[in-house]
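Chain residues, written in single-letter form:
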Amino acid sequence: MPLQFHQFAYNSDNYGVLVHDPATATTTCIDAGDAGAVLDALQATGWALSDLWITHHHWDHTDALAELKSKTGCAVTGPEGVKGVDKVVKGGDSFAFAGHSVEVIHTPGHTLDMLNFYLPEAHCVFTGDTLFVMGCGRLFEGDGPMMWASMQKLMALPPETVVYCAHEYTLASADFALSVDPDNSALQAQVARVKALREQGAPTVPTDIATELATNPFLRPHDAAIRSELGMQDATDAEVFTEIRARKDRF
Ligand code: ZN
Ligand code: FE
């Protein structure tokens, strides 16, 4: 039986996701920023929380960890250094969730501890604050080449992989993407699509790897048009990526 997904919003722009295996009544939540939002989502779905996966140590992903653990008894999987994690995992590890395999991908850059969770059979990945719709996370703890190496790990996933990211930053990311890649028709179409979604109050998350490869400037430092826009025809991909990230910080 396929896994079921329930995405919910919290704080001003965060998303969490419940993943449920109906055959075993097992449920995990990706990140724990707000206990009330997670408990509401559990009530709305009727699912009981058995697991919790943490992407990185920032407060909007971990603040509710202790409360959720004590209220639900869930087992917490996440990076080293996050208080309350029962099972520490690192990049390259894999574990089973109700018989479904989960591969742990280390994507440092936003933070050094960032973990992404890839479910190959369900064709989805939880990218935390690494990859956003048309965007990527700010470099708080890592540098451009480090984040570019992380991006390449996600770019190597099958194109149909559905991407759940942790923030609704899409409209701001769209404006920036157009500023460095103005003639990209796939990007223009994607911007029109997400603007319509936001006008209806609908989330723009999830996205997928194929869409991001075609529209996300942070996955396109090799692109000739972007390089020409930046005047960086002869730079390396890591250098172009780093410049795009720096421009987004100033945008
Ligand atoms: Zn963060
Ligand atoms: Fe965050």
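Placed above this text is the structure.
Predicted model, so just to flag it, every value in this text is computed and none were measured.

A.B. asks: Before we go on, may I ask you to explain the coordination of the zinc ion (ligand 1) in this structure?
C.D. replies: The reference angle at a metal is 109.5 degrees if four donors form a tetrahedron and 90 or 180 degrees if six donors form an octahedron. Looking at the metal site, the zinc ion (ligand 1) is ligated by His56 (NE2), His58 (ND1), His110 (NE2) and Asp129 (OD), spaced 2.2 to 2.3 Å from it. For the zinc ion (ligand 1), the four donor atoms in the first shell make angles of 84 to 166 degrees at the metal, a pattern classed as irregular. Of note, the zinc ion (ligand 1) draws all its donor residues from one chain, in the sequence arrangement H-x1-H-x51-H-x18-D. The distance between the zinc ion (ligand 1) and the iron ion (ligand 2) comes to 3.3 Å, with Asp129 serving as a donor to both metals. For the pair formed by His56 and His58, the shared burial category is buried.

A.B. asks: Can you walk me through the coordination of the iron ion (ligand 2) in this structure?
C.D. replies: Taken together, Asp60 (OD), His61 (NE2), Asp129 (OD) and His167 (NE2) make up the protein donors of the iron ion (ligand 2), found 2.1 to 2.3 Å from the metal. Around the iron ion (ligand 2), the four donor atoms are arranged such that angles at the metal cover 86 to 168 degrees; this shape is classified as irregular. In the primary sequence, the donor residues of the iron ion (ligand 2) line up as D-H-x67-D-x37-H. By relative accessible area, His61 is classed as buried at 0%.

A.B. asks: I would appreciate a short explanation of the pattern of salt bridges in the present structure.
C.D. replies: Oppositely charged side chains can form a pair if their charged atoms are brought close together. This model, assessed by the stated rule, comprises eleven salt bridges. Between Lys90 and Asp93 there is a salt bridge, with the nearest N and O atoms lying 3.4 Å from each other. Linking Arg138 and Asp249 is a salt bridge whose minimum nitrogen-to-oxygen distance equals 3.3 Å. On the criterion of sequence distance, the pair formed by Arg138 in the loop between strand S12 (135-136) and helix H4 (144-155) and Asp249 in helix H9 (residues 237-250) is long-range, its members being 111 residues apart. Classification of Arg138 by relative accessible area gives partly exposed; the value is 40%.

What counts and what doesn't
Residues numbered from 1 in each chain as written. Chains lettered and ligands numbered in written order. Predicted model: local features only at pLDDT ≥ 70, side-chain atom pairs only at ≥ 80, totals over all residues. Heavy atoms only, no water. Donors = N, O, S within 2.8 Å, 3.2 Å for Na, K, Ca; no water. Tetrahedral: all angles 85-135°; square planar, octahedral: opposite > 155°, others 65-115°. Buried < 20%, exposed > 50% of the residue type's maximum accessible area, 1.4 Å probe, protein only. Salt bridge = Lys/Arg side-chain N within 4 Å of Asp/Glu carboxyl O. Helix = DSSP H or I, 4+ residues; strand = E, 2+ residues; numbered from the N terminus.

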